[in-house]
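Chain by chain, the residues run as shown.
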Amino acid sequence: TQFGGEVVNYEEGLAFLTFHGSGHMVPQFRPQAALHMLDKLVNYADLSPLLPSNTTLTEMTGHEFKKAMNEWTNSASGEPYVSSQPVWISSKEDGIKVYSIE
C-alpha cells in the first residue's frame, strides 16, 4: 500500500487533506485518490484512523512508539480506509464514468 497524502484533523470536524503528486489538479493527476476522497466526504466516513494524541506520543518509549506506528499503519492500510476493490476511471465528453474492476 502506498500512502497518497496526509490528513490533519482540527477542532469542530475541520480536516485538511493533502494529496501527493498532484499539485492543484487532483482530479486530473490523481483521479482514484480524488474519487476516494469524494466518496468518504459524501458518506461522512473517516479518511484515516486517528493517531494517538501528541501527549500520548511524547510519553511513549521508542519501542512503544514503533509498535503504535506499525499498528496505525496496518490499520490505515486496510478497510475501510483503503478500498479492496480497484476502480478504473474514464473521462469522456459526457462526464466521468467509474467502473469497478472485478
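Procedures and definitions
Numbers given to residues run from 1 along each chain, matching the order in which its sequence is written. Two thresholds apply to this predicted model, a pLDDT of at least 70 for residue-level local features and 80 or more for giving and counting side-chain atom pairs, whereas whole-chain, interface and lining totals are computed over all residues. The side-chain quantities take in all heavy atoms of the structure and omit both hydrogens and water. Criterion used throughout: strands pair if DSSP finds at least two bridges between them. Helix numbering and strand numbering both begin at the N terminus, where a helix is a DSSP run of H or I of at least 4 residues and a strand a DSSP run of E of at least 2. Any residue under 20% of the maximum accessible area for its type is buried, any over 50% is exposed, and the rest in between are partly exposed; the area is computed with a 1.4 Å probe on protein chains only. Under the convention used here, Asp and Glu are negative, Lys and Arg are positive, and both His and the chain ends fall outside the count. A pairing counts as a salt bridge when a side-chain nitrogen of Lys or Arg comes within 4 Å of a carboxyl oxygen of Asp or Glu. Between two residues, a contact is recorded if the distance between any of their heavy atoms is within 4.5 Å.

*Asks:* How would you sum up the pairing of strand β2 (residues 15–19)? Please name residues and give values.
*Replies:* Bridge count for strand β1 (residues 5–9) against β2 is five bridges, and the pairing is antiparallel. Counted as the bridge partner of valine 8 is phenylalanine 16 from β2. The turn joining β1 and β2, which pair antiparallel and follow one another in sequence, is formed by five residues; a positive phi near 60° is taken by glutamate 12.

*Asks:* How would you summarise the side chain of lysine 40 if you had to cite specific residues and measurements?
*Replies:* Within the secondary structure layout, lysine 40 lies in helix α2 (residues 31–42). The side chain of lysine 40 sits in the buried core without any salt bridge; aspartate 39 is the nearest counter-charge, 5.3 Å away. Ignoring any residue separated from it by four or fewer positions in sequence, one finds lysine 40 in contact with Ala45, Asp46, Leu47, Pro80 and Tyr81.

*Asks:* Before we move on, could you go through unusual backbone geometry and cite the residues and values that matter?
*Replies:* In this chain, glutamate 79 is followed by proline 80 through a cis amide linkage whose omega measures 0°. Relative to the assigned elements, proline 80 resides in the loop between α4 (62–76) and β3 (87–92). Here the phi dihedral of tyrosine 44 falls at roughly 55°; this positive angle occurs in a residue that is not glycine. Mapped onto the secondary structure, tyrosine 44 falls in the loop between α2 and α3 (54–58). The exposure class of tyrosine 44 is exposed, given its relative accessible area of 78%.

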